Amino acid sequence: MDIEEDVIGKVLVVDDLEENLFAMQQILKPLKAEIYSAKSGEEALALLLRHHFAIVLMDAQMPDMDGFEMAAIMRQSDELKLIPIIFISAISNEQEYVLKGYESGAVDYIFKPVEPVIVRNKVKLFLELDAQREKLNRLNKQNEDLLHQLTETVTRNKQLLDFSSEGILGFDSDGLITFVNKQAIRLLQQGEEHILSHEIQHYLTPPDISPQPGWRDSPINKAMHDNREYRISSGFIWRDNGSEFPVDYGCSPIFNEDQEYTGGVMTFQDITVRKMTEEQLIHIAQYDELTDLANRELFTSTLSRSLIRSQRNKRSCGVLFLDLDNFKKINDTMGHAAGDELLISIAQRLKSAIREDDLPARFGGDEFAVLLTDMARNEDAFKVANTILKSMQEPHRLQGEDVVVSFSIGVSSYPECGSDATELMKSADIAMYHAKQKGKNNFQYFSAQLQKEEERRFLIDSELKKALKNQEFVLVYQPQIEMDSGKVVGVEALIRWESPELGWVPPAEFIPIAEEAGLVSQISHWVIKTVYE
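*Asks:* Could you give an account of the pattern of salt bridges, naming the residues involved and the relevant values?
*Replies:* For the structure shown, the criterion picks out 20 salt bridges. Put simply, K328 and D332 hold a salt bridge, and the shortest N to O gap is 2.8 Å. Of this pair, K328 and D332 both sit in helix 12 (residues 327–334), separated by 4 residues, roughly a single helical turn. In this structure, K328 and D332 share a single accessibility class: exposed. A single salt-bridge network, built from bridges that share partners, covers E229, R231 and D248.

*Asks:* An account of the pairing of strand 2 (residues 34–38) is needed here, citing residue identities and associated values.
*Replies:* Across 5 bridges, the pairing between strand 1 (residues 10–14) and strand 2 is parallel. Across the sheet, V13 pairs through a bridge with S37, a residue of strand 2. Running through helix 1 (residues 18–28), the crossover from strand 1 to the neighbouring parallel element strand 2 is right-handed.

*Asks:* Describe the sheet that holds strand 3 (residues 55–58), with residues and values.
*Replies:* A sheet is described by the order of its strands in space; here 5 strands give the open sequence 2-1-3-4-5, paired in parallel fashion. Sheet topology places strand 2 and strand 5 (108–111) at the edges, where each strand pairs with a single neighbour. Direction aside, the axes of adjacent strands within the sheet are offset by 20° on average. Lying on the sheet, helix 2 (residues 41–50) is in contact with strand 1, strand 2 and strand 3; it crosses strand 2 at an angle near 145°. Across the sheet, helix 3 (residues 67–76) touches strand 1, strand 3, strand 4 (85–89) and strand 5, and the angle it forms with strand 4 is around 175°.

Conventions we followed
- Residues numbered from 1 in each chain as written.
- Predicted model: local features only at pLDDT ≥ 70, side-chain atom pairs only at ≥ 80, totals over all residues.
- Heavy atoms only, no water.
- Salt bridge = Lys/Arg side-chain N within 4 Å of Asp/Glu carboxyl O.
- Helix = DSSP H or I, 4+ residues; strand = E, 2+ residues; numbered from the N terminus.
- Buried < 20%, exposed > 50% of the residue type's maximum accessible area, 1.4 Å probe, protein only.
- Pairing = 2+ DSSP bridges.
- Right-handed = clockwise from strand over helix to strand, strands pointing away.
- Axes fitted to C-alpha atoms, helices over the stretch in contact; angles between N-to-C directions.
- Contact = heavy atoms within 4.5 Å.

Following this line, the structure appears as structure tokens:
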């Protein structure tokens, strides 16, 4: 089979760099396979839940979730663990990293720069293997169809059908069940005679619906008369005891030798395990692994939905941005294990400090957030912020020591501080920064004045980066005089900054910003050099 021949199959390429995704698309283009791209592990997991891929080509190093972590998640899933993974990476090809890749579940490891011919031929092999597997699946499907046709001779074939791992129900043209295999009896938790006394619709309709829908107008009956297969990949079957379980089921019609419709056969499979796996993967993608709080993505999407409800109900909602004060010091002095223990303890206190309908989140590091839904007034958010601050006054027990920490909290509310999720989160972030400037361990509410101050800080930070290069700093010298003699005993050099954009900027305003931007050492060097010149 030549490279240029059509190859049926899907390939997933995962890389956080757009140029790498484009390059791999070009390399694999001759295969004429369906190439899907993902720029993060979360995006890749979402695609894996919706598509069947023959092979995954994945960068080992990505932000948030690297290739090794994603491979480990896939190997924990019964649905995804058999998908082959090839790591394509620019990291060291030392034995340590190669072994890490294979231990996480990779079938191969290719280092950049890649050789296109090698990549194409390896991907081609997995596409061909996948095609063979799909061919076998089609043959299995054909065998299932044959089993459906054999329902008319149920007595002769009953023993064979009873060995099926799927539940099988035969029904006549009126929808009455005429055959049930052992697996269906086990899944429905009823005796054979009891099941045979009901229509197929009885088990596909919630028991609290009245009146029960009739068979004649049901979509299954219409599909059977049209000689079409009817399939539901994610539905439910209701037992007579009121319980339900998720199923993948399909119905196929049966015609006699005169091509007259005589009934059909339904096969169904309990997909409880598959559903649980999907829910676990979704949870991993939406929640912080350490604290089990919502992550930024889930927080943002929930905030957007909450805003729609607030607009409709003419209510308010609030956002709290929380930054843990001096967390780096705890990590540096007590170690990262203690830091993780502290974050878990803080998450538990956050949950207890807010209502059940509100959403706590961790954005990473020492950054947390809280979404307050359905607020009557802004003071509700202030009360929650105070409650959180008070909850932090109690010490956390870490490695046998009592540790007290605090939060700097920024508060914003709809509609005063923004009309969408982005504006509200930005406003809360600005207010949180102001709380840190106010000495930490407090909360601040966003205002227009804070917005102006933040815009000026941003402008100062931007202009500072050009100030040294453009020689915008000047020194003024202030004499130091001995009080008794009146003699000049020294001189103090004072830095001043005249910005073309901002005019004269006081040192008290630009020096703290220079410290945050890491420019103080460069400015100090310029001062010393200028003084000695």
